[in-house]
Amino acid sequence: MNDWKVDRAQKRRNWFSPRGARRGFMLASLALALWCAWAIGYQQAQGLKQDPKQPVREVNPKPVA
């Protein structure tokens, strides 16, 4: 067998590289952190809904002349 075929056979035994696994773990962690930040913000925004019994307050009311 020539060296090229031996190298390819040895590379096929490695299902993943440690560097690629670390990169994938970091990307998955970043995606999880972003999703958690979105979910927390979404839950907090749901708690800020206006109670329908209370009147809507105007932010900049027009002056009465």
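Residues numbered from 1 in each chain as written. Predicted model: local features only at pLDDT ≥ 70, side-chain atom pairs only at ≥ 80, totals over all residues. Heavy atoms only, no water.

Comments concerning the overall build of the protein
Here is step 1: On a plain count of helices and strands, the protein comes out with two helices and zero strands.
Here is step 2: The proportion of buried residues among the 65 residues of the protein is 2%.
Here is step 3: Taken as a whole, the protein presents about 7100 Å² of accessible surface, with 61% of it coming from carbon and sulfur. (Helix = DSSP H or I, 4+ residues; strand = E, 2+ residues; numbered from the N terminus. Buried < 20%, exposed > 50% of the residue type's maximum accessible area, 1.4 Å probe, protein only. Areas by Shrake-Rupley, 256 points an atom, 1.4 Å probe, with all protein chains shown as cover.)

With respect to a nonpolar patch on the surface
Here is step 1: Taken together, the side chains of Leu32, Trp35, Trp38 and Tyr42 make up a nonpolar region of the molecular surface, amounting to roughly 510 Å² of accessible area.
Here is step 2: Examined against the element boundaries, Leu32 turns out to sit in helix H2 (residues 18-47).
Here is step 3: Its relative accessible area of 53% is what places Leu32 among the exposed residues. (Patch = residues over 30% accessible without salt bridge, like charges linked within 9 Å, V, L, I, M, F, W, Y side chains within 5 Å. Salt bridge = Lys/Arg side-chain N within 4 Å of Asp/Glu carboxyl O.)

Here we look at the packing of aromatic side chains
Here is step 1: The tally for this structure, following the rule as stated, stands at one aromatic pair.
Here is step 2: Note on Trp38 and Tyr42: the rings are 5.3 Å apart at their centroids and 20° apart in plane angle, and the pair reads as stacked. One end of the pair, Trp38, and the other, Tyr42, are both in helix H2, four residues apart, so they sit about a helical turn from each other. (Phe/Tyr/Trp six-rings, centres within 6.5 Å; stacked < 30°, edge-to-face > 60°.)

The analysis is restricted to geometry; functional conclusions fall outside its scope.
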